[in-house]
Amino acid sequence: LQGIFVLGLPYALLHSGYSGLLLIVLAAALCCYTGKILIACLYEENEDGQLIRVRDTYEDIANACCKKLSPSLGGIVVNMTQVVELIMTCILYLVVSGNLLSHSFPYVPVTEKTWSVIAFVTLLPCIFIRTLKIVSKLSQLCSLVHFVIIFVVITYCLTQMHQWSWAKFRLSLEFENFLVSVGVIIFSYTSQIFLPTLEGNMKNPGEFRCMLNWTHFFACILKTTFALTAFLTWGEKTKEVITDNLPSFLETLVNLCLLTKALLSYPLPFFAATEIVYSCISNDNHSNYRSPLLALTVRGSFLLLTLLMAMFTPHFALLMGLSGSVTGAAMTFLLPSLFHLKLQWKKLSFLEKCADISVFILGFLCSLAGIVCSVKGLLEVFG
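Residues numbered from 1 in each chain as written. Predicted model: local features only at pLDDT ≥ 70, side-chain atom pairs only at ≥ 80, totals over all residues. Heavy atoms only, no water.

Asker: Looking at this model, I keep getting lost on the overall build of the protein. Mind explaining?
Answerer: Helices and strands together make up the secondary structure of the protein, namely 15 helices and two strands. For the protein, whose C-alpha radius of gyration is 21 Å, the value lies close to the compact-globule estimate of 21 Å for 383 residues. In terms of overall dimensions, the protein has C-alpha extents of about 65 × 50 × 45 Å along its principal axes. Here the protein, with 383 residues, has 49% of them falling under the buried criterion. Pairs at least 24 residues apart make up 78% of the contacts formed inside the protein by residues separated by at least 6 positions. (Helix = DSSP H or I, 4+ residues; strand = E, 2+ residues; numbered from the N terminus. Rg over C-alpha atoms; globule rule 2.2 N^0.38 Å. Buried < 20%, exposed > 50% of the residue type's maximum accessible area, 1.4 Å probe, protein only. Contact = heavy atoms within 4.5 Å.)

This is the structure we're talking about:
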């Protein structure tokens, strides 16, 4: 999903101007910070002052915060939020795959929905994915394809350096378009849903904070370079997905790479969502399935659900924007800062408390603005 958002960054600069460059850096810092405080909520100090991991998942953190109100209420809310976001992500990959195939082979008399079904067939082996190790290998291939795409686009833009001009940047901003840019930039960094599992599976969890710093730093550098070179190349002609600006021969190549990336990206949210659903059904928080038949049923049902929604949900992009504004902002900003304040209040300094409160307010405003824009778009569509 981040790769898809990255392709929209030059378009975001078109509507945000110089402030967009600042936003790319700020979003990296904020998402890195909320990732750290979320993981901090997994730990408590023992009698010797040593940090011990007493929680394993986002659900455990939520339950710990809401235990006085209800032992499982927080976990239920978090799980529902995670599953909705992950389902929407999986559906988006199918929709995007159908769109990319349709644009790559326009001479084939097949509809976009039929292409989505063809893409779905290639994803059927996901039913048999049982461990995170397989998913991680697919994600590595996905990252490799992502770098190929970025390399191709940046290389082409550098050949057009002679026509670059800083005058292409806007000084005046349209508020509604600026909000869209904020959403694209912020959610190109989101990964909080996967962080507790990632940190728990690291050989040396003590290196997590360092890993988060470096990954967000390099992501910031890469995204800034990509967005800047692409926007300086096409200026006002920059399209929503930057690959549409490329010459036809490069566009087809990059679209096929994007298709590969979308298909390789699908297993991660698919695996995460089915793990959550299965653990809720079986009351087993571990990944070793006690009932193989139940596990296959859960994964098969989930796979079919994503196809049906991709095929028959009208105006999916607007619905994705609406759900993303709620679930994305909640999982990335609102809940990490709220949980950190709740669980670590007595240990936090005044500045840390101010930082958490500021992140919470910013997340709330981003969510509210996204909801307003999405609802407005839906009302315009349904007239």
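After that view, the rundown keeps rolling.
Asker: Honestly, a nonpolar patch on the surface in this entry has me stumped. Any pointers?
Answerer: A grouping of I357, I361, F364, L365, L368 and V372 is seen on the molecular surface, where their side chains present a nonpolar patch of about 540 Å² in accessible area. With respect to the helices and strands, the residue V372 is situated in helix α15 (residues 350-382). (Patch = residues over 30% accessible without salt bridge, like charges linked within 9 Å, V, L, I, M, F, W, Y side chains within 5 Å. Areas by Shrake-Rupley, 256 points an atom, 1.4 Å probe, with all protein chains shown as cover. Salt bridge = Lys/Arg side-chain N within 4 Å of Asp/Glu carboxyl O.)

Asker: Any chance you could explain the confidence of the model for the protein here in plain terms?
Answerer: Reading fine detail from the predicted coordinates is not recommended where pLDDT is low. Overall, the prediction assigns the protein a mean pLDDT of 84, with 92% of residues at 70 or greater. Helix α1 (residues 2-6) is the least confidently modelled element of the protein, averaging 60 in pLDDT, while helix α10 (residues 208-234) averages 92, the highest of any element. Low confidence marks residues 285-289, where pLDDT is under 50. Its contacts with residues over four positions away, or in another chain, come to nine contacts. (pLDDT = per-residue confidence, 0-100.)

Asker: Whenever I open this one, the side chain of T332 confuses me. Can you help?
Answerer: Here T332 shows up in helix α14 (residues 316-344). When sequence neighbours within four positions are dropped, the list of residues in contact with T332 reads C31, T34, F187, T190 and Q192.

Asker: Is there a simple way to explain the packing of aromatic side chains in this structure?
Answerer: Any pair of aromatic rings gets described here by the distance separating the centres and the angle formed by the planes. This model, assessed by the stated rule, comprises nine aromatic pairs. Note on F105 and Y107: the rings are 6.3 Å apart at their centroids and 90° apart in plane angle, and the pair reads as edge-to-face. The partly exposed category is assigned to F105, whose relative accessible area is 26%. Ring geometry for W214 against F217: centres 5.9 Å apart, planes inclined by 90°, an arrangement best described as edge-to-face. Remark: F217 and W214 occur in helix α10; sequence separation between them is three residues, near one turn of the helix. (Phe/Tyr/Trp six-rings, centres within 6.5 Å; stacked < 30°, edge-to-face > 60°.)

Asker: Just to check I follow, could you spell out helix α6 (residues 112-122) for this structure?
Answerer: One turn of an α-helix holds 3.6 residues; hence residues three or four places apart share an orientation. Of the positions making up α6, those classed as buried are W115, S116, A119 and F120. Buried residues in α6, looked at end-on, bunch into an arc of 150°, giving them a common side. Buried residues along α6 sit against α5 (73-104), α11 (248-265) and α13 (292-312). (Arc of directions from axis to C-beta.)

Asker: What exactly am I supposed to notice about the environment of F194 here?
Answerer: With respect to the helices, strands and loops of the structure, F194 is situated in the loop between α8 (175-186) and α9 (195-200). When the C-alpha atoms of F194 and T57 are compared, they prove to be 9.3 Å apart, with 137 residues separating the residues in sequence. Here F194 is in contact with L86, L268, P269 and A272, once residues within four sequence places are set aside.

Asker: What is the right way to read the pattern of salt bridges from this model?
Answerer: Side chains that differ in charge, positive against negative, can pair when their charged atoms come close. One pass over the full model with this rule turns up four salt bridges. Note that E44 is salt-bridged to K347, the shortest N-O span being 3.7 Å. Linking E44 in strand β1 (residues 43-45) with K347 in the loop between α14 and α15, this pair joins segments that are 303 residues apart in sequence. Here K347 falls in the partly exposed class, since its relative accessible area comes to 44%. We note a salt bridge from R53 to D56, for which the minimum N-O separation is 3.0 Å. Overall, R53 belongs to the partly exposed group, its relative accessible area being 25%.

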